[in-house]
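Spelled out, the chains give:
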Amino acid sequence: MPILFLIVFVDLVGFGLIIPLLPFYAERYAASPQQVTILIATFSFASMLAAPLWGMVSDRVGRRPVLMSSMAASSLAYLWLGFADSLWMLFAARALAGVCAGNIAAAAAYVADVTPPDKRARGMGLIGAAFGLGFIIGPAVGGIVAGNDLATADMLTPGLIASGLSFTAFLGVVLVLPESLRAAARVAAPRNRITALLDALGRPVLSRLLVIFFLVILAFAGMESTFALWAMQQFGWGPAGVGYVFSYVGLLSAILQGGLIGPLARRFGEERLMMAGLALIAAGLLVLPFARDAVPLVVAVSGLALGMGAMQPSLNSLISRRAGPEVRAAIKH
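Residues numbered from 1 in each chain as written. Predicted model: local features only at pLDDT ≥ 70, side-chain atom pairs only at ≥ 80, totals over all residues. Heavy atoms only, no water.

Some thoughts on empty space enclosed by the protein
Then, number 1: Applying the stated criterion to the full structure yields two cavities of 30 Å³ or more.
Then, number 2: Volume-wise, the largest cavity comes out at about 80 Å³.
Then, number 3: Forming the boundary of the largest cavity are Phe 220, Met 223, Phe 227, Val 245, Phe 246, Val 249, Val 301 and Leu 304.
Then, number 4: Broken down by class, the residue content of the lining of the largest cavity amounts to eight nonpolar, no polar and no charged.
Then, number 5: Put simply, the second largest cavity is a space of about 60 Å³.
Then, number 6: Looking at the second largest cavity, the residues that line it are Ile 19, Pro 20, Leu 22, Pro 23, Ile 40, Glu 224, Ala 228, Val 242 and Phe 246.
Then, number 7: For the lining of the second largest cavity, the elements supplying multiple residues, two or more each, are helix 2 (22-28), helix 10 (204-235) and helix 11 (239-268).
Then, number 8: Residue composition of the lining of the second largest cavity, grouped by class: eight nonpolar, no polar and one charged. (1 Å grid on protein atoms, 1.4 Å probe; cavity = no way out; pocket = protein on both sides within 12 Å on 5 of 7 lines; lining within 4 Å. Points joined across faces, edges and corners; volume = space filled by probe spheres on them. Nonpolar A, V, L, I, M, F, W, Y, C, P; charged D, E, K, R; others polar. Helix = DSSP H or I, 4+ residues; strand = E, 2+ residues; numbered from the N terminus.)

What to know about the nonpolar core
Then, number 1: Among the nonpolar cores identified, the biggest contains 87 residues, and Leu 4, Ile 18, Phe 227 and Leu 288 are the most heavily contacted of them.
Then, number 2: In terms of residues, this core owes the most to one element, helix 10, which gives eleven residues.
Then, number 3: Sequence-distant contacts of Ile 18, defined by excluding residues within four places in its chain, comprise Tyr 25, Tyr 78, Leu 81, Arg 94, Pro 158, Gly 159 and Ala 162.
Then, number 4: Core analysis: the next-biggest nonpolar cluster, separate from the first, contains five residues, Leu 256, Ala 265, Leu 273 and Ala 310 among them. (Core = buried A, V, L, I, M, F, W, Y, C linked by side-chain atoms within 4.5 Å. Buried < 20%, exposed > 50% of the residue type's maximum accessible area, 1.4 Å probe, protein only. Contact = heavy atoms within 4.5 Å.)

Observations concerning helix 5 (residues 87-99)
An α-helical turn contains 3.6 residues, so a residue and the one three or four places further along point in the same direction.
Then, number 1: For helix 5, which comprises 13 residues, the first-to-last C-alpha distance of 19 Å matches the rise-based estimate of 18 Å (1.5 Å per residue) to within 8%.
Then, number 2: Considered for burial, the residues of helix 5 that qualify are Leu 87, Met 89, Leu 90, Ala 93, Arg 94, Ala 97 and Gly 98. (Expected span 1.5 Å × (residues − 1).)

Describing the confidence of the model for the protein chain
Then, number 1: Mean pLDDT for the protein chain: 81, with 88% of residues reaching 70 or above.
Then, number 2: Within the protein chain, helix 5 carries the highest mean pLDDT (92), whereas helix 14 (residues 325-332) carries the lowest (49). (pLDDT = per-residue confidence, 0-100.)

Rendered as structure tokens:
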């Protein structure tokens, strides 16, 4: 687990470095607000289309090959993003990254392979902590490197740094990470995603958890894709200001998921922890549009960070515990 944590952390520093800067990449080529949000959605859409393939690969040959392939492809995609000189190249680079995305899902499956059910929330929390730490360091580094003036922002160096970090994570998987999925547990003929999804939706509790997961990610992704545009208009911020906010969100999330999620899950239970997280997310999203100065902005993003930190590992653990191996793999990938 410590090795997996370090590898995912290194990769996610690069991910966190780029995500807050994407609107500024697009703005450089006179993209409209609609094009900016579509650019950010391109990664997720491509990832959704490719997810069934990566799920089958992971279940048939193991988690390690998926981690290696995903991180190597991410390195190439970030390199392309850094050298992009037109809007279509930005879209192509993000589509490539999305098609080859599989690192977080494979890491979560890795955790499920090596942890018993009663400790799975803590294991998922470690992946969430790596994500949070990546969003502490990555956005801050990206903001510092890019600068706070859109007209003169350095958009090449962040792409090069992110590419190098993903390649370092790739080497970490190749050199030191053992395979977690035993040969006996591999699925020889996995069901297709539609069959697995219909199976999952036929289970009342599991179907409700999946709907919750979809709605929360939908809401958070909407905020994430528009925050930079909103901050530019509301506060006149450039890449650095947006990066610092994302770093703050990552800090709170890492503190919660890295050290507190296990004791909190044992004390209150995963269901209550998930509900508390959902309430905090809703409150943060409600306050954010009305923020006119630092105090309500800090309150809003704090609620979002703590809510996601409590909700996501709890919900992932609940889904993992209620889904069979084949259904779980199809959902996670």
